[in-house]
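# Descriptive analysis of the structure
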Amino acid sequence: MLVLGIETSCDETSAAVLQDGRVLSNVISSQLIHKAYGGVVPELASRAHLRLIIPVVDEALKHAGIRPASLDGVAVTSGPGLIGALIVGVNFAKSFAYALQKPLIAVNHLEAHLYSGFLEAPQPEYPFLSLIVSGGHTQLVLVRSPFDHQILGETRDDAAGEAFDKVAKMLGLGFPGGPLVDARAKLGDPAFVGFPRTLLSVGDYDFSFSGIKTSVLYWLRRKKNDVGGSELTEDELNNVCASFQTAVVDVLVEKCARGIDSFRPRCLTIAGGVSANSELRRRIGDLGKRTGVRVCVPRMEYCTDNGAMIALVGWMKASAGMISTMELDAVAGMSL
Ligand code: KG4
Ligand code: ZN
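First things first, this report covers the structure right here in the doc. (Residues numbered from 1 in each chain as written. Chains lettered and ligands numbered in written order. Predicted model: local features only at pLDDT ≥ 70, side-chain atom pairs only at ≥ 80, totals over all residues. Heavy atoms only, no water.)

Attention now goes to the coordination of the zinc ion (ligand 2). Binding of the zinc ion (ligand 2) to the protein goes through His109 (NE2), His113 (NE2) and Asp305 (OD), at separations of 2.1 to 2.2 Å. All donors of the zinc ion (ligand 2) belong to a single chain; written as a sequence motif, their spacing is H-x3-H-x191-D. In this pair, His109 and His113 both sit in helix H3 (residues 109-115), four residues apart, roughly one turn of the helix. We note that His109, like His113, is buried. (Donors = N, O, S within 2.8 Å, 3.2 Å for Na, K, Ca; no water. Helix = DSSP H or I, 4+ residues; strand = E, 2+ residues; numbered from the N terminus. Buried < 20%, exposed > 50% of the residue type's maximum accessible area, 1.4 Å probe, protein only.)

Dropping the structure here:
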């Protein structure tokens, strides 16, 4: 079965072609226009998707070496995400599926992150635990079998990536903040400042990052007062980045450890932009070794937003007869 997957929920315009779950192409165009504004500007994202959607789909088909008529289905992210951005993808997919007279398959973006580990061998085995950490979401999910999942915990305030982005902004590093903090943290001392780890009570899998973020703000204010308003040195910046990152990663890893203890999954997967974090990858690997649970960390292009994961879940759903109608609408606030 040949499935085209289309993703336009945020600031990546992406299209991919999969054959029975195997990736033939995965084209991702990341919108750089938002950098100048220090965050994703929804209206600019929608306009960029409009400009990019046809060339990106065209390239995905060409790269896969197939003609549109050979497709067996068109899968698209219908939510959650930025409404204007989603509308571009959903309406393109509806038109394309209608013109080709092929099935249309709506895919939940978070569900797609959940199964992205299946894009690579060795694939996860059920039941598995999945940590979704992106700019908009932080969730720990137990997946018992296909489409049978239970959210164990989610963030009560900021998403993990959002905390990285906001702290980077406070430190004057730029956007997106995650990779910039990560790079500086490699050069810094993680014990420089003891930022709080919000672990909540035992048996609680929820997350909270606003406390850590506010502590960084207070630390910065105090520091600037002490030195009469002058800027941080390069060493201090690196040390704060390392201390902040370690605090966030400690919390993420501890929640995964609790999930492994309680539910004894066979695998642990991570997905979403923050799963690019080098410290998180290293520590999740260590956790796997310590607990004997196999860790599946897909390559980066499958961890961040991509069309391949949409086509994958589209294929799973189409195989199970879960097809959408032309009434399909984009929904900004959709849960897992
Ligand atoms: O999944 P994603 O590409 O987009 C959505 O939010 O859906 O995630 C983007 C987030 C941003 O907040 C970015 O700062 C963060 O992922 N991120 C990282 C790293 N690379 C990207 N956070 C920490 N360390 C990184 N290396
Ligand atoms: Zn995402």
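The next point concerns the site of ligand 1. Residues in contact with ligand 1 amount to 18 residues; listed here are only the nearest, Gly135, Asp165, Gly178, Asp182 and Gly273. Measuring from an oxygen atom of ligand 1, one finds a backbone N or O atom of Val274 at 3.5 Å. The separation between a nitrogen atom of ligand 1 and a polar side-chain atom of Asn277 is 3.0 Å. Protein contacts shield 87% of the accessible area of ligand 1, which totals 550 Å² for the unbound molecule. For the shell around ligand 1, the elements supplying multiple residues, two or more each, are helix H4 (160-170) and helix H5 (177-185). For the shell around ligand 1, the element with the highest residue contribution is H5, accounting for four residues. For the shell around ligand 1, the class distribution of residues is five nonpolar, 10 polar and three charged. (Near = heavy atom within 4 Å. Polar contact = N/O pair within 3.5 Å; in protein donor to acceptor, adjacent residues only side chain to side chain. Areas by Shrake-Rupley, 256 points an atom, 1.4 Å probe, with all protein chains shown as cover. Nonpolar A, V, L, I, M, F, W, Y, C, P; charged D, E, K, R; others polar.)

Another aspect to go through is H4. All of the buried residues along H4 are Ala160, Gly161, Ala163, Phe164, Val167 and Ala168. Looking straight down H4, one finds its buried side chains confined to an arc of 160 degrees; they lie on one side. Packing partners of the buried residues in H4 comprise strand E6 (128-133), strand E7 (138-145), H5, helix H6 (210-226) and helix H7 (234-263). (Arc of directions from axis to C-beta. Contact = heavy atoms within 4.5 Å.)

One pass over the full model with this rule turns up 19 salt bridges. For Asp286, the salt bridge is made with Arg282, and the minimal N-O distance between the two is 3.5 Å. Remark: Arg282 and Asp286 occur in helix H8 (residues 278-291); sequence separation between them is four residues, near one turn of the helix. The class of Asp286 is partly exposed, set by a relative accessible area of 31%. Ionic contacts of the salt-bridge type, sharing partners, join the residues Arg197, Asp250, Glu279, Arg282, Arg283 and Asp286 into one network. (Salt bridge = Lys/Arg side-chain N within 4 Å of Asp/Glu carboxyl O.)

Strand order in the open sheet made by the five strands is E8-E7-E6-E9-E10, with mixed pairing throughout. Among the strands making up the open sheet, the edge pair consists of strand E8 (148-154) and strand E10 (294-296). Going across the sheet, the axis of each strand differs from the next one's by a mean of 20 degrees, ignoring polarity. Direction of pairing for strand E9 (residues 267-271) relative to E10: parallel, over a ladder of three bridges. (Pairing = 2+ DSSP bridges. Axes fitted to C-alpha atoms, helices over the stretch in contact; angles between N-to-C directions.)

What follows deals with the sheet that holds strand E1 (residues 2-7). Strand order across the open sheet formed by five strands is E3-E2-E1-E4-E5, with mixed pairing between neighbours. The open sheet has two edge strands with one neighbour each: strand E3 (22-30) and strand E5 (104-108). Taken over all neighbouring pairs, the strand axes of this sheet differ in orientation by 20 degrees on average, direction set aside. Where E1 meets strand E4 (residues 73-79), four bridges bridge the pair, whose relative direction is parallel. The partner of Gly5 across the bridge, within E4, is Ala75. Against the sheet, helix H10 (residues 307-319) engages E1, strand E2 (12-19), E3, E4 and E5, with an angle of about 130 degrees to E1.

With that settled, the discussion passes to the nonpolar core. Leu171, Phe195, Phe209, Phe244 and Leu280 are the most contacted members of the largest nonpolar core, which has 46 residues in total. Only E6, E7, H4, H5, H6, H7, E9 and H8 provide two or more residues apiece to this core. Of all the elements, H7 adds the most residues to this core, at 14 residues. In this structure Leu171 touches Leu220, Leu232, Leu237, Val240 and Cys241, once residues within four positions along its chain are discounted. Counting residues in each nonpolar core, the second largest holds 28 residues, with Ile105, Ala112, Tyr115 and Ile310 among its members. (Core = buried A, V, L, I, M, F, W, Y, C linked by side-chain atoms within 4.5 Å.)

So, on to the state of the cysteines. Taken as a whole and assessed by the stated rule, the structure comprises zero disulfides. Among the cysteines around Cys256, which has no disulfide bond, Cys296 carries the closest sulfur, lying 13 Å off. On the basis of relative accessibility, which here comes to 0%, the residue Cys256 falls in the buried class. In this structure Cys296 is not part of a disulfide, and its nearest cysteine sulfur, from Cys267, lies 4.4 Å away. (Disulfide = S-S within 2.5 Å.)

With that settled, the discussion passes to the pairing of E9. Of all five residues that make up E9, five are buried, and the element is covered over most of its length. Residue alternation in E9 divides its side chains into two sets, Cys267, Thr269 and Ala271 and Leu268 and Ile270, and both sets are buried. In this sheet, E9 lies alongside E6 in parallel orientation, the contact comprising five bridges. Counterpart to Phe128 in the pairing with E9 is Cys267. At this point the chain moves from E9, through H8, to the parallel E10, and the crossover so formed is right-handed. (Right-handed = clockwise from strand over helix to strand, strands pointing away.)

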